[in-house]
Amino acid sequence: MTDVTLQSIYEARRAIQGVACRTPLVPAHRLGGDELDLRLKLETAQPTGAFKLRGAANAAARLSAEALRRGVVCASTGNHGRAVAYAARRLGGRAVVCMSSLVPQNKLDAIRALGAETRIVGESQDEAQVEVERLVAEDGLSEIPPFDHPDVIAGQGTIGLELLEDFPDLDTVVVPLSGGGLIAGIARAVKSASPAIRVIGVSTQRGAAMHASLEAGRPVEVREEPTLADSLGGGIGLANRWTFAMVRDLVDDTVLVSEAEIAAAMRRLFLEESWVAEGGGAVGVALLQDRHRARLGRRVAMVISGRGIDMAMFRRVVDGEVPFGTAIGASYD
Ligand SMILES: *Cc1c(COP(=O)(O)O)cnc(C)c1O
């Protein structure tokens, strides 16, 4: 495997064409107010509803025809699982998604509707991951990991190329941050053009593994709790090979936001700009609050990374609820 370079990101752009979309960058005058030229990068417009399609499509496209026929495999039923299923089908390959028996039926149905095979194993994400490794070792399938892989990072980095073209004088990019594939790819792209462009990562307080790892100077695990930004959960992997070092070396700032701030961000995005996003997709909007404003420049691109939320939950949030706000970890809010 090679490092993630500007060239590998340009190659990814060619590879994902026809599978992932070039997404719109739209001005947000109400959210931005008079001082900010704020524009939203709507990854919610991807056919699977989230940016993860870029990385999955690039990783799948780089496999041989034979490897694609044998199949790609992952253990996610969220945005990554949908991306792997969709990309494999579009490229004429097979996808297997491993999941625990605790996965809700609607998520299972959504993955199957995209044409993927499903394997139900055990009662935890860890057991599903063991099945992934077995399929790789015994049946020769290719794993597409959610973030810690150069092809996946390069795929997400194509967002950075689009930002540079559509907003050439931008000074700040705000990016939702979990495992770090998204922000690492974007940072590699925009910093190659101009190291002065600030890249800021936003994570949930309820499981900020990258933030804690940066503070510790090495990958560490954190306690996880239910959060409205469920797509930002999960660790960075104690054996992290790529994203930890890239985020450490390229990202200027990381910010943690509370459940109440995430809910307010989703509400503002919907009520002021009419855009629907899931919690993890909307976290950047929380930086528009006065106490974070100094971190931003004047020409700000904000990545709205996904819309994988069910409408019943979305309605509750728009109506003013903070679904996970007080039950657990109330001290954070
Ligand atoms: C996966 C995901 C993220 C975080 O991406 P990483 O590459 O893990 O940092 C952010 N938003 C959404 C909607 C996601 O699905």
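What you see is a predicted model; the values in this text were computed from it and never measured. (Residues numbered from 1 in each chain as written. Predicted model: local features only at pLDDT ≥ 70, side-chain atom pairs only at ≥ 80, totals over all residues. Heavy atoms only, no water.)

Student: Tell me what's going on with the state of the cysteines, and back it up with residues and numbers.
Tutor: Across all of its chains, the model carries 0 disulfides by this definition. Left unpaired, C21 is separated from the closest cysteine sulfur, that of C74, by 20 Å. Judged by its relative accessible area of 34%, C21 is partly exposed. Taking the relative accessible area as the measure of exposure, C74 reaches 1% and is therefore buried. (Disulfide = S-S within 2.5 Å. Buried < 20%, exposed > 50% of the residue type's maximum accessible area, 1.4 Å probe, protein only.)

Student: Please provide a residue-by-residue account of the domain arrangement of the chain, values included.
Tutor: By domain assignment, the chain separates into domain 1 (6–51 + 149–323) and domain 2 (53–143). On the side of domain 2, 15 residues touch domain 1, which itself brings 27 residues to the contact. Looking only at domain 1, the three residues that lose the most surface to domain 2 are V19, T48 and D151, adding up to 37% of its buried area. At the junction of domain 1 and domain 2, the tally comes to 4 salt bridges. E11 is paired through a salt bridge with R62; the nearest N and O atoms lie 3.9 Å apart. On the surface where domain 1 and domain 2 come into contact, there are 11 residue pairs in polar contact (both at pLDDT 80 or more). Counting residues per element, the side of domain 1 that touches domain 2 draws most heavily on helix α8 (residues 150–166), at 8 residues. Tallied by class, the residues present in the side of domain 1 that touches domain 2 amount to 12 nonpolar, 9 polar and 6 charged. (Domains from an automatic or database assignment. Contact = heavy atoms within 4.5 Å. Buried area = accessible area lost by both parts, 1.4 Å probe. Salt bridge = Lys/Arg side-chain N within 4 Å of Asp/Glu carboxyl O. Polar contact = N/O pair within 3.5 Å; in protein donor to acceptor, adjacent residues only side chain to side chain. Helix = DSSP H or I, 4+ residues; strand = E, 2+ residues; numbered from the N terminus. Nonpolar A, V, L, I, M, F, W, Y, C, P; charged D, E, K, R; others polar.)

Student: Mind laying out helix α7 (residues 125–139), listing which residues take part and the relevant values?
Tutor: Spanning 15 residues, α7 covers 20 Å between terminal C-alpha atoms, matching the ideal 21 Å at 1.5 Å per step. Looking at α7, one finds that the buried residues are A128, E131, V132 and L135. Take α7 and look down its axis: the buried residues cluster within an arc of 105 degrees, on one side only. In this structure, α7 carries D126, V130, A137 and E138 as exposed residues pointing more than 90 degrees from its buried face. Where the residues of α7 are buried, they touch β3 (72–74), β4 (95–99), β5 (117–120) and β6 (142–143). Backbone geometry just after α7 places G140 at a positive phi near 75 degrees. (Expected span 1.5 Å × (residues − 1). Arc of directions from axis to C-beta.)

Student: How would you sum up the UniProt feature "domain: Tryptophan synthase beta chain-like PALP" (unreviewed entry) in the chain? Please name residues and give values.
Tutor: Sites flagged by UniProt as "domain: Tryptophan synthase beta chain-like PALP" (unreviewed entry) map to residues 21–306. With 44% helix and 16% strand, residues 21–306 has its two end C-alpha atoms placed 13 Å apart. (UniProt positions renumbered as here; feature names shortened; annotations may be inferred.)

Student: Can you lay out the packing of aromatic side chains for me, pointing to particular residues and giving the numbers?
Tutor: Applying the stated criterion to the full structure yields 1 aromatic pair. Ring geometry for F270 against F314: centres 5.2 Å apart, planes inclined by 90 degrees, an arrangement best described as edge-to-face. In this pair, F270 sits in helix α12 (residues 259–273) while F314 sits in helix α15 (residues 311–318), placing the two residues 44 residues apart along the sequence. We classify F270 as partly exposed; its relative accessible area is 29%. Relative accessible area serves as the criterion here: at 4%, F314 is assigned to the buried category. Sitting over the face of the ring of F167, R39 holds its NZ or CZ atom 3.7 Å from the ring centroid. (Phe/Tyr/Trp six-rings, centres within 6.5 Å; stacked < 30°, edge-to-face > 60°. Lys NZ or Arg CZ within 6 Å of the ring centre and 35° of its normal.)

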